[in-house]
Amino acid sequence: MVLSRRKQCLLHKEAGMIQTWLDRFDPPYPGGHRRVRVHASGGFLVVESLPLPDGYAPDYLDVLLLTEQFPDRPPIGIYMLNKGNELLTAQIARRLNVFNNKAFHEAKAIPGYTWACLIYQDNSWRYNFSKANSGDNLTKFLEFFHALLKKEVA
């Protein structure tokens, strides 16, 4: 997959906006950090220590966002790292449909990840190319995920 310069610029701008959002949260643990990385292929973003609402233990999680169709379409769901997170993904399954090593709705299954079915704002994605922070964007996608989890923690 050849990554266009335009898409590369957009993804790095998105990563910067996500990092700004992540930096608003306390570190996940003493000496820990939260960060976002764009994969060289442009096919996905890695978010390390994505903050989770109070009531989740631990209150952070490593995730992937597939960005192959970005910016035309939002990611189809969110991918949560399996290793060591079985109880956490079970807790998230109380709010969202999750599938270990499986995916649906044109999403891809990724070995080692649990896919959470997350349809962004009733498929109303509108990316603003001239001003990314005023339209729908990947930060708002992650905030949407965070807000859904915050609604009810049991």
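The preceding data block contains the structure.
Computed from a prediction, not measured in an experiment: that's the story for all the values here.

Explain the pairing of strand 6 (residues 113-116) to me, and be specific about the residues and the numbers.
On strand 6, burial covers both faces: Y113 and W115 on one face and T114 and A116 on the other are all buried. Across four bridges, the pairing between strand 4 (residues 78-81) and strand 6 is antiparallel. Its bridge partner lying in strand 6, L81 is registered against Y113.

Which residues make up helix 3 (residues 138-150), and what values go with them?
Helix length check: helix 3 (13 residues) gives 18 Å between terminal C-alpha atoms against 18 Å at 1.5 Å per residue, within 8%. If you check which residues of helix 3 are buried, you get L138, T139, F141, L142, F144, F145, H146, L148 and L149. Buried-residue contacts for helix 3 involve helix 1 (5-22), strand 2 (44-51), strand 3 (60-66), strand 4 and helix 2 (86-92). Where helix 3 begins, the capping side chain belongs to N137, and its oxygen is found 3.0 Å from the backbone nitrogen of T139.

An account of the packing of helix 1 against helix 3 is needed here, citing residue identities and associated values.
Their axes nearest at 8 Å, the elements helix 1 and helix 3 cross at an angle of 40 degrees. In terms of their interaxial angle, helix 1 and helix 3 are classed as oblique. Where helix 1 approaches helix 3, its residues L11, E14, M17, I18 and W21 are matched on the opposing element by L138, T139, L142, E143 and H146. The class makeup of the residues in the contact of helix 1 with helix 3 is six nonpolar, two polar and two charged.

Describe the environment of R95, naming the residues involved and giving the relevant values.
In this structure, R95 sits in the loop between helix 2 and strand 5 (98-100). Using a relative accessible area of 26% as the deciding quantity, one classes R95 as partly exposed. Sequence separation of R95 and C9 is 86 residues, and the distance between their C-alpha atoms is 34 Å.

Now, about the environment of Q19: what can you tell me, with residues and values included?
Inspection of the secondary structure puts Q19 in helix 1. For Q19, a relative accessible area of 19% translates into the label buried. Spatially, the C-alpha atoms of Q19 and P75 are 18 Å apart, while their sequence positions differ by 56 residues.

Describe helix 1, listing the residues and the values that go with them.
Over its 18 residues, helix 1 extends 25 Å from the first C-alpha to the last, a length consistent with the 26 Å expected when each residue adds 1.5 Å. For helix 1, every residue scored as buried is listed here: K7, L10, L11, E14, A15, I18, Q19, W21 and L22. The secondary structure elements touched by the buried residues of helix 1 are strand 1 (35-38), strand 2 and helix 3.

Tell me about the nonpolar core, and please be specific about residues and values.
In terms of nonpolar packing, the biggest core is built from 35 residues, with L50, L52, I78, I92, L96, L142 and F145 touching the most fellow members. Within the residue set of this core, elements represented by two or more residues are helix 1, strand 1, strand 2, strand 3, strand 4, helix 2 and helix 3. When residues of this core are assigned to their parent elements, the largest contribution, seven residues, is made by helix 3. Non-local contacts of I92, meaning those with residues more than four positions away in its chain, are made with L52, Y56, L61, M80, V98 and L149.

Describe the sheet that holds strand 1, listing the residues and the values that go with them.
One open sheet accounts for six strands, arranged 1-2-3-4-6-5; its pairing is antiparallel. Strand pairing shows two members of the sheet lacking a second neighbour, strand 1 and strand 5, which therefore form its edges. Neighbour to neighbour, the strand axes of the sheet diverge by 25 degrees on average, direction disregarded. For strand 5 and strand 6, the ladder comprises three bridges, and the chain directions are antiparallel. Residue F99 lies in a different strand from strand 6, and its bridge partner there is W115. Contacting strand 1 and strand 2, helix 1 crosses the sheet at an angle of about 170 degrees to strand 1. Contacting strand 2, strand 3 and strand 4, helix 3 crosses the sheet at an angle of about 40 degrees to strand 2.

Criteria and thresholds
- Residues numbered from 1 in each chain as written.
- Predicted model: local features only at pLDDT ≥ 70, side-chain atom pairs only at ≥ 80, totals over all residues.
- Heavy atoms only, no water.
- Buried < 20%, exposed > 50% of the residue type's maximum accessible area, 1.4 Å probe, protein only.
- Helix = DSSP H or I, 4+ residues; strand = E, 2+ residues; numbered from the N terminus.
- Pairing = 2+ DSSP bridges.
- Expected span 1.5 Å × (residues − 1).
- Contact = heavy atoms within 4.5 Å.
- Polar contact = N/O pair within 3.5 Å; in protein donor to acceptor, adjacent residues only side chain to side chain.
- Axes fitted to C-alpha atoms, helices over the stretch in contact; angles between N-to-C directions.
- Parallel < 35°, antiparallel > 145°, perpendicular 65-115°, else oblique.
- Nonpolar A, V, L, I, M, F, W, Y, C, P; charged D, E, K, R; others polar.
- Core = buried A, V, L, I, M, F, W, Y, C linked by side-chain atoms within 4.5 Å.

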